[in-house]
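Working through the structure, step by step
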Amino acid sequence: MDSQSQHIEVHKFYAGAVLGICFLALVLQAFLNRFSPRFGILELPLLVVVYFGLSRRNSVIGLVLGTAVGLLQDGISHTPIGLYGIAKGFIGYIASSIGARLDTEHPISRFILMFLFFHIHQVLLALMMRLLLAQHAPFFTVHLLISSLLNSVIGVFLFAGLDRLRKQ
Amino acid sequence: MEVPSRHRPLVLLVAVILAQVLLLAFQIRRDRDVRLIRVWSAELLTPLQRGGTFIVSKADAVWFGYIDLRNVRAENRSLAEQLGDLRLKNQQLQGQAAQAVRLARLLGFRQANADIPMMAAEVIGANADATSRTVFINRGEEDGIRRNMAVITPDGVVGKISEALPHTSQVLLVTDRESGVGTLLAGTRTHGVVKGTGDPLLWMDYVSADEKVPGGEEVLTSGEDRIFPKNLPVGWVASTKAGFPFQTIEVTPSAHLDRLEEVLVLTTEKSLDIHPAPEANSSSQQTSPDAKPRQNVNTVTKAEVPASGTPQQQAAKPAATKAVPAKKVTAPAGTGNPQ
C-alpha cells in the first residue's frame, strides 16, 4: 500500500486557493438559494470538500477541511451545529483516503466518485437526523438521484476548472 | 497509550465525529444553540454574501440599466420609426379626409346649383409679392375660363379671375386692395361695397352713418357688380366704425381665403347678365363686359350709393332700400339666371 501511494502525486494549491474556494462555495450555496429554491439541488460545499480531499490525498487535511466546511454550512443553515460537520468531515476523510489509493484524475472516475460521495453524504445526514434528531429523512429518492447526477456532472467540470489552481 | 501513526487519522476522525455528536447531543438535550459557531460562520460568510449581493445588484442595475436597454433602445428606435410612419400616414389620411369633405361640399354645392355652369379648380399657387392677394388655379382659357368670372367656394365669395392664361388663371381675392364686391346686409338689405384691404378683414363701404349695423350680421352679394350672383355669402360684420356720411364696416370673409385648395369658377357670363334698373343703367360701364372689375364694382356702387347713402335718400330710405334689389336684380337669388 505504501509503495503504491508513493506513486500517486499529491497536488498542492496556490496560497489561499483552498480557503477561498471553500468560502466561495459556501457563499454561492447560500447566495444562489436566495434567488431560487431550485438551486438547493446543488451541493457546492460537498463538491469542493470532495475535490480537495481527492487532490490533497491527506486524510487529516480532508477531515479538517470537511469538518470546517460542514460546520460553517451548519452555521449559516438552520440545522444543529455538527450535522453537516460530521457528514462532510467523514466525506473529506474518505475522499482523501480514496484519493491516496486511486487515480481520481479521469472525468469518469470523478463522476462516479462524486455520485457515490453524494449518496454517502446523504445517507450520513439521514442517519444522524433519524438517530440523533429523531427526524425523518429519506436515504434515497428520485430527487436525490437527480441531484446526485447533476452534482456529479457539475463536479466533473468544476474539478477540471479547479485543477488550474494547482501548483505546477 | 501511543497510537500508531498509520491509525492517527482514523483516531482523529473518530474524535472529531464524536465531538460533534456530543455537540449535537448537547444542543438537542439542552435545546440550546451553539451560538458561537453560528456567529463565527455568519461573520465569516455574510460579508462575502453582502459583497456578492452588492455585485449582483450592481450587475443587475448595469444589465437592466444599460445592457438590456440596448434592446429597448433598438425597440424604441423601431417604435419611433413606426410612430413617424403612422403619423405621416395619419396626416395623409387626415388630409385626404379633409379633402374629401371639401370635395363633398363642392359637389353638394354644385348639385344644389346644377343650373349654374361652374367648374371646379384647384389652387396651385399664390402671389409672389406681399402687397397683392392673388392665387393661381389650374384652369385656364382652354378650359373656358375668362376674365372677371366669379370664383367662389361653398363658404362664400373668393374673388374673380383677373388673368385667364392658357392653362392657368390668376384669381384676385376679395381681400386684395383692388378688389370690390357689390354687397348687401342680409338683415336690412342695405347695400354697400365690400373692398379688400390687403389684410384678412374686408371693409364694407357706402353704408349710411345712421344705419344701424349689428355685429355678426351676414353680408351677401347683391349681384349688382355683374360678377357675383346674388345672395352668395361674402362674410359677416366684425365691427363698425363711425364716419360721415358713411360708416366703415369691417367684414370677416366667409370663405377660408388663407387655406384655399379647391374653388369653383362660375363659367357663365350669361347667368350674370343682370338686367339693370333704368336709373342704375345710367352708366355704360355697368353693362360693358370689358369693363374692369374695379370699375364694375365702383359703377355699381355709384349707382347704389344714392339708393341708400345720400342724404336725400335718407328720408326715403325704407322705400329705397326695398326698391333697389327688386328693381335692379331680376335674376333669382343665387342662380344668376335671367328671368
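In this report, we go over the structure that sits alongside the text.

A look at the overall build of chain A
Looking only at helices and strands, chain A has seven helices and zero strands in total. In sequence order, the secondary structure elements of chain A are arranged as α-α-α-α-α-α-α. The buried share of chain A, taken over its 168 residues, is 51%. Intrachain contacts of chain A at a sequence separation of at least 6 include 72% that bridge at least 24 residues. A total accessible area of about 8100 Å² is found for chain A, and carbon and sulfur atoms account for 68% of it.

Looking at the interface of chain A and chain B
Counting from both sides, the interface comprises 30 residues of chain A and, opposite them, 25 residues of chain B. For the pair chain A and chain B, the summed buried area comes to about 2300 Å², and 78% of that belongs to carbon and sulfur atoms. Where chain A packs against chain B, one counts zero salt bridges. Linking chain A to chain B there are four residue pairs in polar contact (both at pLDDT 80 or more). The set of elements that each furnish at least two residues to the side of chain A that touches chain B consists of α2 (17–35), α4 (59–75) and α5 (83–99) of chain A. For the side of chain A that touches chain B, the element with the highest residue contribution is α4 of chain A, accounting for eight residues.

So, a nonpolar patch on the surface
A contiguous nonpolar surface patch, about 460 Å² in accessible area, is contributed by Val123, Leu127, Leu131, Phe139 and Phe140 of chain A. Here Phe140 of chain A shows up in the loop between α6 (107–131) and α7 (142–162).

Some words on the environment of Leu165 of chain A
With respect to the helices, strands and loops of the structure, Leu165 of chain A is situated in the segment after α7. Taking the C-alpha atoms as reference points, Leu165 of chain A and Ile21 of chain A, 144 residues apart in sequence, are found 9.9 Å from one another.

Regarding the side chain of Thr221 of chain B
All names here are of chain B. Structurally, Thr221 is set in strand β9 (residues 218–221). For Thr221, a relative accessible area of 0% gives the class buried. Reaching out from Thr221, the side chain makes a polar contact with the backbone oxygen of Pro229 at a distance of 2.4 Å. Here Leu232 takes part through its backbone nitrogen, which lies 2.7 Å from a polar atom of the side chain of Thr221. Ignoring any residue separated from it by four or fewer positions in sequence, one finds Thr221 in contact with Val157, Val181, Gly182, Thr183, Leu184, Phe228, Pro229, Lys230, Asn231, Leu232 and Val234.

Thoughts on the packing of aromatic side chains
If you walk through the whole model with that rule in mind, you get five aromatic pairs over all chains. Between Phe13 of chain A and Phe52 of chain A, the aromatic rings sit 5.0 Å apart at their centres with planes inclined by 80°, giving edge-to-face as the arrangement. In this pair, Phe13 of chain A sits in the loop between α1 (2–7) and α2 while Phe52 of chain A sits in helix α3 (residues 44–56), placing the two residues 39 residues apart along the sequence. Taken as a pair, Phe13 of chain A and Phe52 of chain A share a single burial class, namely buried. Between Tyr206 of chain B and Phe246 of chain B, the aromatic rings sit 5.4 Å apart at their centres with planes inclined by 75°, giving edge-to-face as the arrangement. In this pair, Tyr206 of chain B is assigned in strand β8 (residues 202–208) and Phe246 of chain B in strand β11 (residues 246–253), connecting sequence segments 40 residues apart. Overall, the relative accessible area of 24% leaves Tyr206 of chain B in the partly exposed class. Members of the aromatic cluster, each reached through a chain of ring pairs, are Phe13, Tyr51, Phe52 and Phe159 of chain A.

Concerning the pairing of β8 of chain B
All names here are of chain B. With respect to burial, β8 is a largely interior element, five of its seven residues being buried. Two successive antiparallel strands, strand β7 (residues 191–195) and β8, enclose a turn made up of six residues, where Gly198 displays a positive phi of approximately 85°. Both β8 and β11 contribute to a ladder of five bridges, which runs antiparallel. Counterpart to Met204 in the pairing with β11 is Ile249.

Side note on the sheet that holds β7 of chain B
Sheet architecture is closed into a barrel: six strands sit in the order β6-β7-β8-β11-β10-β9 (chain B), paired in antiparallel fashion. The average angle at which neighbouring strand axes cross in this sheet is 40°, direction not considered.

Quick look at the packing of α4 of chain A against helix α1 (residues 8–30) of chain B
The contact between α4 of chain A and α1 of chain B brings their axes to 9 Å, and the two run at 15°. Here α4 of chain A lies roughly parallel to α1 of chain B, going by the angle between them. You can see that α4 of chain A and α1 of chain B cross each other, and the crossing is right-handed. Packed against α4 of chain A, whose contacting residues are Ser59, Val60, Leu63, Thr67 and Leu71 of chain A, the element α1 of chain B presents Pro9, Leu12, Leu13, Val16 and Gln20 of chain B at the interface. Looking at the contact of α4 of chain A with α1 of chain B residue by residue, the classes come out as seven nonpolar, three polar and no charged.

Regarding the nonpolar core
Counting residues in hydrophobic clusters, the biggest one holds 43 residues, and the most contacted among them are Val158 and Ile161 of chain B. Core analysis: the second largest hydrophobic core is formed by 32 residues, Leu26, Leu42 and Val50 of chain A together with Leu45 of chain B among them.

Concerning the sheet that holds strand β4 (residues 156–164) of chain B
Spatial ordering of the closed barrel is given by β1-β2-β5-β4-β3-β12 (chain B), a layout of six strands whose pairing is antiparallel. The sheet shows a mean angle of 45° between the axes of neighbouring strands, taken without regard to direction.

Looking at unusual backbone geometry
All names here are of chain B. Of note, the bond from Phe244 into Pro245 is cis; its omega dihedral lies within 30 degrees of zero at 5°. Mapped onto the secondary structure, Pro245 falls in the loop between β10 (233–241) and β11. Unusually for a residue other than glycine, Tyr206 sits at a positive phi of about 65°. Of note, the phi angle at Asn231 is positive, near 70°, even though the residue is not glycine. One can find Asn231 in the loop between β9 and β10.

Parameters and conventions
Residues numbered from 1 in each chain as written. Chains lettered and ligands numbered in written order. Predicted model: local features only at pLDDT ≥ 70, side-chain atom pairs only at ≥ 80, totals over all residues. Heavy atoms only, no water. Helix = DSSP H or I, 4+ residues; strand = E, 2+ residues; numbered from the N terminus. Buried < 20%, exposed > 50% of the residue type's maximum accessible area, 1.4 Å probe, protein only. Contact = heavy atoms within 4.5 Å. Areas by Shrake-Rupley, 256 points an atom, 1.4 Å probe, with all protein chains shown as cover. Buried area = accessible area lost by both parts, 1.4 Å probe. Salt bridge = Lys/Arg side-chain N within 4 Å of Asp/Glu carboxyl O. Polar contact = N/O pair within 3.5 Å; in protein donor to acceptor, adjacent residues only side chain to side chain. Patch = residues over 30% accessible without salt bridge, like charges linked within 9 Å, V, L, I, M, F, W, Y side chains within 5 Å. Phe/Tyr/Trp six-rings, centres within 6.5 Å; stacked < 30°, edge-to-face > 60°. Pairing = 2+ DSSP bridges. Axes fitted to C-alpha atoms, helices over the stretch in contact; angles between N-to-C directions. Parallel < 35°, antiparallel > 145°, perpendicular 65-115°, else oblique. Left-handed = near helix turned anticlockwise from the far one by under 90°. Nonpolar A, V, L, I, M, F, W, Y, C, P; charged D, E, K, R; others polar. Core = buried A, V, L, I, M, F, W, Y, C linked by side-chain atoms within 4.5 Å.

By themselves these figures say nothing about function.
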